[in-house]
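Chains, contacts and geometry: an overview
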There are 2 protein chains.
Amino acid sequence: MRSLLLVTTAALMVGAAPAKKLLTPSDVVAGAPAGAWKAIAAEDLMVVDLANGGRVVIQLAPEFAPVHVANIRALARNGYWNGATVYRVQDNYVAQWGLNESDKPWPAGVTAKPPAEYTRSLKGLRITPLGSADPYAPGAGFADGWPVAYSAKAGWADLVHCYGSVGVGRDLSPDTGTGGELYAVIGHGPRQLDRNIAVVGRVIDGIDRFSTLPRGTEALGFYKDKAQYVPIASIRLASDMPAGQQPSYEAMDTGSATFAQYLKLRANRHDDFYIRPAGGVDLCNVQVPVRKKA
Amino acid sequence: MRSLLLVTTAALMVGAAPAKKLLTPSDVVAGAPAGAWKAIAAEDLMVVDLANGGRVVIQLAPEFAPVHVANIRALARNGYWNGATVYRVQDNYVAQWGLNESDKPWPAGVTAKPPAEYTRSLKGLRITPLGSADPYAPGAGFADGWPVAYSAKAGWADLVHCYGSVGVGRDLSPDTGTGGELYAVIGHGPRQLDRNIAVVGRVIDGIDRFSTLPRGTEALGFYKDKAQYVPIASIRLASDMPAGQQPSYEAMDTGSATFAQYLKLRANRHDDFYIRPAGGVDLCNVQVPVRKKA
């Protein structure tokens, strides 16, 4: 009976009951009151259906990249992505999709040259500090459900690159990308991209549909042959789907007491598996809890 | 021609030549002198051949977990892993392999209850500091080719959990695991495990053979049905393979001037893609360069 737990939960603990039950972060999420959750708006949900049946759901972040997100909504609504594929998968980095090197004209409503929405004003954000040092910015924490880096002194904040983050492909600077080509992070958070690219959201369901794809063998993980491209059946906003078919999600309110407890436990694991709590945590190791509504 | 580069290299830069060529970390690796590389000993290479033809090569770290590594060598040499499989793949976490819940006796040379080799003395390690804050330890850097965290004050160092790190599965503390069940990290570095588990090495080739496996749908990513287990054809040390078949690798000397330049550029990207160098870097975002020898 040798097996590795790595993460234990109450349900999995077999044998003699422990003397005292120490809460895990998962326990906190499971016991979160209804008030600790916030519904995600249907027009902030981008539903990517692969032709093979897999579904990836992305939460958009209009608070951080409003012009790029408006573009993405216009692209989805106008069928721009008909014929889109996943054409690049680089191990420990990104999966990228869109039309790839297409000259298809932008549909109405698309700003062809958006501003560089790499940071926004810190003003108006309700920050819950991480409480640990961040190597990439003076400050790190959570704002309205999102992991952010910030400078209180300079007054900026940015949405960071963690596992699952979705950003806008672009060419060399000063190009900022339009939103037609998107990528999702499928490895260790490439935080060096922060403030150098527009982050527009995060995958909240089905990331494994991207992370398990075969890696491309060309430079930067591009697939060598078009036959390897992974076809996408449709990309829609949940708000444009038939009422009975719209998926629905809630994210934990990062300003709630429940989230504060979750964050504290992520930095100080003291349940039965751990013998040395770290006393600190990496921003990308505190994934904001998200749950699907029935 | 809309495509996302995210990482540019000289070879990929098309169109007008840039006014000046700014080095990327990849350029530094490509131009590293022979003296910046160190051969990896054949008995430190564990070769995992999947039944489907894929190969994963792991570099062992006897400097950090000598008893566990001695166990692993004895297990490999005595055919303990005959019939082994990958039986757990948890997204953004680990792929785990071994015999799973077996009662097969340990072969000769295996210490059934190894000490908790979660840290070692800082003494004897030649540290190249990361130069950035680390949320998990007072110090972070590189020692003899490995990413480490450490406390100069308390005198300990530990091998950390980054993408590709290999550790020893164990049950609840104080069990330390034996080495029969191993895992490789396939997501954002779960640094909360540092100093709570024995890290014995890292995948240096073929990690995508693990990272692309279907995720298990049971708790903790265990596969539901044994039919889903991924069979392993053999696990051998390179030193035990026929001379002509032994794979051979070199890792960059983390004490070299070349590595110092590489590290500096990882923290300060100023090539044509980047507009804002971070001025800092996460330990797990500085992967020590490794190359296969012909």
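Before going further, it helps to examine the overall build of chain A. Along its length, chain A carries four helices and 16 strands. Computed over the C-alpha atoms, the radius of gyration of chain A is 20 Å, within 12% of the 19 Å expected from 2.2 N^0.38 for a compact globule of 294 residues. Dimensions of chain A, computed from the C-alpha atoms along their principal axes, are close to 65 × 50 × 40 Å. Counting every position in chain A, which comprises 294 residues, the buried fraction comes to 59%. Put simply, of all contacts in chain A between residues at least 6 apart along the chain, 71% involve residues at least 24 apart. On chain A, roughly 11,300 Å² of surface is accessible, and the fraction owed to carbon and sulfur atoms is 53%. Each charge sign in chain A was given a centre, from 30 positive and 26 negative side chains, and these centres are 5 Å apart.

A word on the sheet that holds strand S4 (residues 85–89) of chain B. Residue and element names in this part refer to chain B. Strand order around the closed barrel formed by eight strands is S2-S3-S13-S11-S12-S5-S4-S14, with antiparallel pairing between neighbours. Adjacent strand axes in the sheet meet at a mean angle of 35° when their direction is disregarded. Here four bridges tie strand S5 (residues 94–98) to strand S12 (residues 182–185), and the two strands are oriented antiparallel to one another. Within the sheet, the bridge partner assigned to Val94 lies in S12 and is Val185. With respect to the sheet, helix H2 (residues 66–77) is in contact with strand S2 (45–50), strand S3 (55–60), strand S11 (165–168), S12, strand S13 (199–205) and strand S14 (230–237), its orientation differing from that of S14 by roughly 110°.

So, about the environment of Gly53 of chain A. Mapping Gly53 of chain A onto the fold places it in the loop between strand S2 (45–50) and strand S3 (55–60). When the C-alpha positions of Gly53 of chain A and Ala116 of chain A are compared, they lie 35 Å apart, and in sequence the two are 63 residues distant.

Now for the sheet that holds strand S7 (residues 127–129) of chain A. Residues and elements named next belong to chain A. Strand order across the open sheet formed by five strands is S6-S10-S9-S8-S7, with antiparallel pairing between neighbours. What marks the edges here is a single partner per strand, and that holds for strand S6 (120–121) and S7. Note: strand S8 (residues 139–143) against strand S9 (residues 146–151), five bridges, orientation antiparallel. Pairing of Phe142 across the sheet is with Pro147, part of S9.

Our focus in this paragraph is the relation of the copies chain B and chain A. Comparison of the two chain copies shows a relationship of rotation about an axis with a shift along it. When chain B is fitted to chain A, the residual RMSD is 0.0 Å, and the transformation amounts to a turn of 180° plus an axial shift of 0.0 Å. This pairing of chains is accounted for by a two-fold axis. Counting the interface residues of chain B, we find that 100% of their copies in chain A are interface residues as well, pointing to one common contact surface.

Let's shift gears to the pattern of salt bridges. When charged atoms on two side chains of opposite charge get close, those side chains can pair. One pass over the structure, following the stated rule, counts 27 salt bridges over all chains. Several salt bridges share partner residues, and in doing so they unite Glu43, Asp44, Arg73, Arg77 and Asp240 of chain A into one network.

Next up on the list: the packing of aromatic side chains. Residues and elements named next belong to chain B. What the rule picks out here adds up to 16 aromatic pairs over all chains. An angle of 20° between the planes, with centres 6.0 Å apart, marks the rings of Tyr87 and Phe222 as stacked. With Tyr87 in strand S4 and Phe222 in the loop between helix H3 (208–211) and S14, this pair connects stretches of sequence that are 135 residues apart. Side by side, Tyr87 and Phe222 carry an identical accessibility label, which is buried. The ring of Tyr80 carries the charged tip of Lys104 above its face, separated from the ring centre by 5.4 Å.

Let's shift gears to the pairing of S12 of chain B. Residue and element names in this part refer to chain B. Residues Leu182 and Ala184 line one face of S12 and the alternating positions Tyr183 and Val185 line the opposite face, and both faces are buried. Note that S11 and S12 share three bridges and pair antiparallel. The residue of S12 that forms the bridge with Val166 is Ala184.

Of note, the amide linkage connecting Ser173 of chain A to Pro174 of chain A takes the cis form, showing an omega dihedral of 10°. With respect to the helices and strands, Pro174 of chain A occurs in the loop between strand S11 (165–168) and strand S12 (182–185). With a phi close to 55°, Asn92 of chain B is a non-glycine residue in the positive phi region. Within the chain, Asn100 of chain B stands out as a residue other than glycine whose phi angle is a positive 55°. Mapped onto the elements of the fold, Asn100 of chain B is located in the loop between S5 and strand S6 (120–121). In this structure Asn100 of chain B comes out as buried when scored by relative accessible area, which is 14%.

Taken together, the contact pairs 71 residues of chain B with 71 residues of chain A. Interface of chain B and chain A: buried area, both sides summed, is about 6,400 Å²; carbon and sulfur atoms make up 56% of it. If you look at where chain B meets chain A, you find zero salt bridges. For the pair chain B and chain A, the interface holds 25 residue pairs in polar contact (both at pLDDT 80 or more). Mapped onto the side of chain B that touches chain A, the elements with two or more residues apiece are S5 and H3 of chain B.

The next point concerns the pairing of S14 of chain B. Residues and elements named next belong to chain B. Both S2 and S14 contribute to a ladder of five bridges, which runs antiparallel. The residue bridging Val48 from the neighbouring strand is Ile235, located in S14. Both S4 and S14 contribute to a ladder of two bridges, which runs antiparallel. Residue Thr85 lies in a different strand from S14, and its bridge partner there is Pro231.

Turning our eyes to something else, we now look at the confidence of the model for chain A. All names here are of chain A. In the predicted model, chain A carries a mean pLDDT of 93, and 93% of its residues have values of at least 70. Overall, residues 7–19 carries pLDDT values under 50, and its contacts beyond four positions in sequence, including any with other chains, amount to 16 contacts. Here the complex is predicted with pTM 0.94, and the ipTM for its interfaces comes to 0.94.

Definitions and cut-offs
- Numbering of residues starts from 1 in every chain and runs along the sequence as written.
- For naming, the first written chain is A and the first written ligand is 1, with later ones following in the order written.
- Whole-chain, interface and lining totals are the exception, using all residues; otherwise, since this is a predicted model, local features are given only for residues with pLDDT of at least 70 and side-chain atom pairs are given and counted only at 80 or more.
- Working from all heavy atoms in the structure, the side-chain values ignore hydrogens and water.
- Numbered from the N terminus, helices here are DSSP runs of H or I no shorter than four residues, and strands are runs of E no shorter than two.
- We take the radius of gyration over the C-alpha atoms and set the globule estimate at 2.2 Å times the residue count to the 0.38 power.
- Burial here depends on accessible area, computed with a 1.4 Å probe over protein chains only, as a share of the maximum for the residue type. Under 20% is buried, over 50% is exposed, and the range in between is partly exposed.
- Two residues form a contact once any of their heavy atoms are found within 4.5 Å.
- Calculation of accessible area relied on Shrake-Rupley with a 1.4 Å probe; when residues are assessed, cover is drawn exclusively from the protein chains displayed.
- His is not counted, nor are the chain ends; Lys and Arg add positive charge and Asp and Glu add negative charge.
- Where a charge lies is defined by one atom per residue type, namely NZ (Lys), CZ (Arg), CG (Asp) and CD (Glu).
- At least two bridges found by DSSP between two strands are what make those strands a pair.
- Note on geometry: axes are lines fitted to C-alpha atoms, helical ones only across the stretch in contact, with angles between N-to-C directions running from 0 to 180 degrees.
- To line up the copies, we fit them by least squares on C-alpha atoms, keeping just the residues with pLDDT of at least 70 in both.
- Salt bridges are defined as contacts in which a side-chain nitrogen from Lys or Arg sits within 4 Å of a carboxyl oxygen from Asp or Glu.
- Any Phe, Tyr or Trp ring, taking Trp's six-membered ring, that has another such ring centre within 6.5 Å forms a pair; planes under 30 degrees apart are called stacked, those over 60 apart edge-to-face, and the others tilted.
- Whether a charge sits over a ring depends on NZ of Lys or CZ of Arg being within 6 Å of the ring centre and within 35 degrees of the ring normal.
- Buried area is calculated as the accessible area (1.4 Å probe) missing from two parts once they are joined, with the contributions of both summed.
- Any pair of nitrogen or oxygen atoms within 3.5 Å is treated as a polar contact; in protein, a donor-acceptor pairing is required on top of that, and neighbouring residues in sequence qualify only through side-chain atoms on both sides.
- Confidence scores per residue from the predictor, reported as pLDDT, run from 0 to 100.

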